[in-house]
Amino acid sequence: MDRVRRYPSDLTDAEWEIIEPMLPSPQWMGRPEKHPRRAVVDAILYVVRTGCAWRYLPVDFPPWQTVYAHFTRLNRRGVTERILTELREQVRLAHGRHLASLP
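Residues numbered from 1 in each chain as written. Predicted model: local features only at pLDDT ≥ 70, side-chain atom pairs only at ≥ 80, totals over all residues. Heavy atoms only, no water.

Undergrad: Looking at this model, I keep getting lost on the nonpolar core. Mind explaining?
TA: As a rule of thumb, soluble globular proteins bury nonpolar side chains together. One finds Trp16, Leu23, Val41, Leu57 and Val67 to be the most contacted residues of the largest nonpolar core, which totals 18 residues. Looking at this core, the elements with two or more residues in it are helix H1 (13-19), helix H2 (37-50), helix H3 (64-76) and helix H4 (79-94). Ranked by the residues each element gives to this core, the list is headed by H2, at seven residues. Each residue touching Leu23, except ones within four places of it in the same chain, is listed here: Trp16, Arg37, Val41 and Ile83. (Core = buried A, V, L, I, M, F, W, Y, C linked by side-chain atoms within 4.5 Å. Buried < 20%, exposed > 50% of the residue type's maximum accessible area, 1.4 Å probe, protein only. Helix = DSSP H or I, 4+ residues; strand = E, 2+ residues; numbered from the N terminus. Contact = heavy atoms within 4.5 Å.)

Structure representation (structure tokens):
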């Protein structure tokens, strides 16, 4: 069941269209994901933007343990850094700036 957008930190549909393809695909074997990926990402953004503790996530998000597990897995795999780099490049190009060469 999808959440209703409620918080300023929730992604808009346009933002989700940009972010979703950057996320690793779900495991094709094993148990299917219980919670929508967008709800998990919205919950991560809520914690990051508000600074609240994981355990204080509002109840309309997936359980904090699930959200935290996704967050740590994405960070460990370097996904969040790749997403931030890609978004930064898109913004720079949209503003007519050249991409900075990385070492």
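Undergrad: Looking at this model, I keep getting lost on the environment of Glu86. Mind explaining?
TA: You can see Glu86 is positioned in helix H4. Under the relative-accessibility criterion, Glu86 is labelled partly exposed at 32%. Glu86 sits 67 residues away from Ile19 along the chain, and the two C-alpha atoms are 9.8 Å apart. Among the polar contacts listed, one links the side chain of Glu86 to the side chain of Gln90, at a separation of 2.9 Å. (Polar contact = N/O pair within 3.5 Å; in protein donor to acceptor, adjacent residues only side chain to side chain.)

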